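Now for the letters of each chain:
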Amino acid sequence: MTTANDAPLLELVEVSRHYPAGEGVVVALDRVSLTVRQGEYLAIMGQSGSGKTTLMNLIGLLDRPSEGSYRVLGQDVDALDSDELAALRRDVFGFVFQRYNLIATASAAENVELPAIYAGLGRRAREDRAAHLLQRLGLGDRLEHRPTQLSGGQQQRVSIARALVNDAAIVLADEPTGALDSRSGAEVLALLRQLNEEGRTVILITHDPAVAAEAGRVVKLHDGRIVEDSAAAATAAAGTTVAAEPPRHRLTAPDLGEAVKMALRSLKANLFRTVLTLLGIVIGVASVVTLLAVGNGASQQVVDRISAMGTNLLLIRPGAPGVRSSGDNASLTPEDAAAIQALDNIASVAPERSSGATLRYGNKDYATQVTGTWPGYVSARDWDIAEGGFFTAADLRSYAPVVVLGQTVVKNLFGGGDPLGSYVLINSVPFEVIGVLASKGASPMGGDNDDAAFVPLTTGFMRVFGSHYLRTITVEVDDVARIDETQAAITALLIERHRGEDFQIRNMASILDTVSETQGTLTILLGAIAAISLLVGGIGVMNIMLVSVTERTREIGVRMATGARMRDILLQFNTEAVVVCGIGGVLGVLLGLGLGMLAESLGVPVIFAPEPALMAFACAFLTGLVFGFLPARKAARLDPVVALSSE
Ligand code: ADP
Ligand code: MG
């Protein structure tokens, strides 16, 4: 992996780092020049506040110089954007921190794998490498342990394994033994020495001279300046040093699968909080699904009842528009019906005249509604004949004394017996029963459709009804699409015949339209409720994600130090929000379906459609995307140095 190359591994020339402090500036590093070659073991020493960590952050590309130039493998850092910097950092440097900085919710192996994920290494390769490294560092039996289940020395070895997983040419260790007991510290130092002997460059910060003695070269800092460099002369002489090949700059796409896995893990780590956050989304989604199912069920019931009467019908009543008819209005006649029959697009015409009458069979009397009409009635009303037949045009012409009975009348007059061919008396006139209608059940107004008897209109006028006027004319059209046109034609015809508009035409299709419109309004209303509850849920998600970003600032710093680009962090946190909302969406849909089924079992009409469930889920998903973005962006924009030093 190495080639002979004159370029030094790292080259800092007159590098300064200033921090603004009140009115003035703090000079943390003051014109530092330092050259590091492949294979060196370098200790940086100095008192607290001398600039060691600042220098380390600059070397490790977590920070940029305020002045001066810095070249890594011959590449000027100044020319790189933050993603390129992250890629170079990921490929060249491995960080070891004083306080290990392992991700608490991940196992030892997963912690080691982290930089490899950002480097785009495949899962198997990653797992193999992590297991191999941990084995090598004596932790082969601790792969699945969480950081809290490991001792300090073991945690530091995990963090060294993490630093090595991308085969870093340079290991940067900031006080790696500072938090360890002397034996664990010695083990870690032995490990670093071994890495150096294998050819890796090791740069170590320490304030302990004994630790510094391990290194081949000691650089001393004081007030941001290099005051001593033990190998300044030696390196100048060593012309045969080699540098690693230039970094590969692999362009890796953020790994969504890993982001989801990490998201699930961190959500599990805060289960109670996650559940509370979920609840808002669950309730929002469930309410949409249930309310829409029940609302659709209710309006469908109304639509069904109206449709049962037929949507291809026009109802003509006597009386001027807007005036409620007494029913005895003299305006509609059978001749009008005949004229309508002759129009285009007419399937059938059924003029009606009804009155209450008492039917007698044997010694039984039964009071019902007798309707005189035309043969077209059964077609217009879409009513089946159960037995016998309906009267014909010939019956109509011949004033035949025949009657067709509804089921309720048959039951009351004949009990179980067969009425066909029997004679019933209507107003003392015998009518032969020629047919029985099939049961039609309740009318939209709640009356009993089957409590009725039908006679030819002509016979009715002669024998049953006093006057010769119609109560209604029901017109069945052939082509529903042209129903408005037909309605206009009938209106024109009747106005011409009556010399004025003394009738009203109602269009069943338009009544249905009104119902659908109401249903549409209901849907919009429910949609608004859904939007509001999802908004509230979304704000909850955003709130909790902001808290999470604050809590996990250090973790974000670690991820950045191990090579995460801004977009990786953005993806990670936005994925968490989307996962919460997605889970909430699924649970909400299930809960909504469950509540709908419960309502159904209680007798409430319910209609489940896939669209509201899908829409609600999609909205929940979108909520996560939108409301997770801001916190995720906040996380992605963190300065790695600040994030790493947060408590
Ligand atoms: P060391 O690691 O040697 O203890 P540091 O590199 O952390 O020293 O700090 C060097 C100097 O820079 C200190 O005086 C410190 O107060 C200052 N400094 C470090 N970071 C910041 C910062 N973010 N803002 C302002 N001053 C800082
Ligand atoms: Mg420090």
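Sequence order sets the numbering: in each chain, residues are counted from 1 along the sequence as written. Following the order in which they are written, the chains are lettered starting with A and the ligands numbered starting with 1. Local features in a predicted model are, by the rule used here, given only for residues with pLDDT of at least 70; side-chain atom pairs are given and counted only at 80 or more, and totals for whole chains, interfaces and linings are based on all residues. Note that water and hydrogens are dropped before the side-chain values are worked out from all heavy atoms of the structure.

### Details of the site of ligand 1
Rules: For this purpose, a residue is taken to be near a molecule or strand whenever a single non-hydrogen atom of the residue falls within 4 Å of it. Polar contacts, as counted here, are pairs of nitrogen or oxygen atoms within 3.5 Å of one another; within protein the pair requires one atom able to donate a hydrogen and one able to accept it, and residues that are adjacent in sequence qualify only if both atoms are side-chain atoms. Secondary structure elements follow DSSP: runs of H or I no shorter than four residues count as helices, runs of E no shorter than two count as strands, and numbering proceeds from the N terminus. Note on residue classes: Ala, Val, Leu, Ile, Met, Phe, Trp, Tyr, Cys and Pro are nonpolar, Asp, Glu, Lys and Arg are charged, and everything else, Gly too, is polar.
Neighbouring ligand 1 are Tyr19, Val26, Ala28, Gln47, Ser48, Gly49, Ser50, Gly51, Lys52, Thr53 and Thr54. Here an oxygen atom of ligand 1 and a backbone polar atom of Ser50 are 3.2 Å apart. One of the side-chain N or O atoms of Thr54 is found 2.5 Å from an oxygen atom in ligand 1. Looking at the shell around ligand 1, the elements with two or more residues in it are β3 (24–36) and α1 (52–59). Counting residues per element, the shell around ligand 1 draws most heavily on α1, at three residues. Class assignment for the residues of the shell around ligand 1 results in three nonpolar, seven polar and one charged.

### Things to note about the confidence of the model for the protein
We apply this condition: The pLDDT score gives, residue by residue, the confidence of the prediction method on a 0 to 100 scale. Should any heavy atoms of two residues lie within 4.5 Å, those residues are counted as being in contact.
Taken over all residues, the pLDDT of the protein has a mean of 86, while the share at 70 or more is 93%. Counting contacts from residues 1–5, a segment whose pLDDT is below 50, to residues more than four positions away or on other chains yields 13 contacts. Every residue in residues 235–244 scores below 50 in pLDDT, and together they form 21 contacts with partners more than four places removed in sequence or on other chains.

### Focus on the side chain of Glu352
To be explicit about the condition: Each residue's exposure class comes from its accessible area (1.4 Å probe, protein chains only) as a fraction of the maximum for that residue type: buried when under 20%, exposed when over 50%, partly exposed otherwise.
Within the element layout of this structure, Glu352 appears in strand β14 (residues 346–361). Judged by relative accessible area, Glu352 falls into the buried class, the value being 3%. For Glu352, the side chain forms a polar contact with the side chain of Thr474, separated by 3.3 Å. With near-sequence residues (within four places) excluded, Glu352 lies in contact with Thr371, Gly372, Thr373, Tyr377, Arg381, Leu470, Arg471, Thr472 and Thr474.

### Focus: the pattern of salt bridges
Put simply, the rule is: Salt bridge, as used here: a side-chain nitrogen of Lys or Arg that lies within 4 Å of a carboxyl oxygen of Asp or Glu.
In this structure the tally under the stated criterion is 31 salt bridges. Across the pair Glu127 and Arg123 runs a salt bridge, and its minimum N-O distance is 3.0 Å. Residue Glu127 and its partner Arg123 are both found in helix α4 (residues 123–136); the two are separated by four residues, about one turn of the helix. Using a relative accessible area of 42% as the deciding quantity, one classes Arg123 as partly exposed. The residue Arg193 makes a salt bridge to Glu197 at a minimum N-O spacing of 3.5 Å. Here Glu197 and Arg193 lie together in helix α6 (residues 182–197), a separation of four residues that amounts to about one turn.

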